[in-house]
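# Summary of the model geometry
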Amino acid sequence: AGVAKYYNGEAYGATLPPNPPAMIDLSSIDEMQTIVVSGDSTTASISIGAATPLAVLLRTADELGATASLKDGHRWRAVAAHLKRVANHQVRSVGTIGGNLMLASKFGSFASDVNLLCSLLGATATVADPSKSGRKTVEMPNLHTLNWDKLLLVGINLPAPELKAGQRELVFTFKESPLAR
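This text gives an overview of the structure that appears in the document. (Residues numbered from 1 in each chain as written. Predicted model: local features only at pLDDT ≥ 70, side-chain atom pairs only at ≥ 80, totals over all residues. Heavy atoms only, no water.)

### Focus: the pattern of salt bridges
Operational definition: The rule for a salt bridge is simple: a side-chain nitrogen of Lys or Arg has to be within 4 Å of a carboxyl oxygen of Asp or Glu. Secondary structure counts use DSSP, requiring at least four H or I residues in a row for a helix and at least two E residues in a row for a strand, with both numbered from the N terminus. Think of it in three bands: residues with accessible area under 20% of the maximum for their type are buried, residues over 50% are exposed, and the middle band is partly exposed, with areas taken using a 1.4 Å probe on protein chains only.
The full count for this structure, using the stated rule, is two salt bridges. Note that Arg135 is salt-bridged to Glu31, the shortest N-O span being 2.6 Å. Of this pair, Arg135 sits in strand E4 (residues 134–139) while Glu31 sits in the loop between helix H1 (4–7) and strand E1 (35–38), placing them 104 residues apart in sequence. Classification of Glu31 by relative accessible area gives partly exposed; the value is 40%. The salt bridge partner of Asp62 is Lys84, with a shortest N-O separation of 3.6 Å. In this pair, Asp62 sits in helix H2 (residues 54–67) while Lys84 sits in helix H3 (residues 74–84), placing the two residues 22 residues apart along the sequence. Take Asp62: its relative accessible area is 33%, and that puts it in the partly exposed class. The exposure class of Lys84 is partly exposed, given its relative accessible area of 45%.

### A look at the pairing of strand E2 (residues 45–49)
Just so we agree on the cut-off: The pairing criterion is simple: DSSP has to find at least two bridges between the two strands.
Most of E2 is tucked away: four of the five residues are buried. By the bridge criterion, four bridges tie E1 to E2 in an arrangement that is antiparallel. Across the sheet, residue Val36 finds its bridge partner in E2, namely Ser47. Looking at chain direction, E2 and strand E5 (residues 152–158) are connected through four bridges and run antiparallel. In the strand pairing of E5, Gly49 is matched with Gly155.

### A word on helix H5 (residues 97–106)
Buried residues dominate H5, accounting for seven of its ten residues. Within H5, the full set of buried residues consists of Ile97, Gly98, Asn100, Leu101, Leu103, Ala104 and Ser105.

Shape is all these values report; function is a separate question.
See the structure below:
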């Protein structure tokens, strides 16, 4: 069950070959597995490598929410609370933000709570395009429109809230995908 149906073809009525033609190990690329927090807990933006496990992002959001004042840390406490509802601890420990977003991009039937959260927060994706020897920034709602055959999702940027003096941000999220029991 779970995401296995997307790997074996069951979700879209196809049979996949038993072994992919090639496997590329991205685990040694530091940029793909790091989180960089810019700013303090009230003005923070977070850049997340696509191969970063969801558990690491959850821990970072928890830390930012815990160090912020009650009125200023709402964004990061909401992010942490939302991520706690994604999958379970074991899956969050190995499942990556990029993997989750790519499943949602490739399979429209995959209800991605991570994609929902990123879209809500105005996240952008950094995409490497070797055919153009460069990178581009893509807004989250446009991620699923790309042809991923020759592209690589490098990372996600969760921006700081754009608030005027005296404004506060309230973030409420809801679970899109039902939890498997």
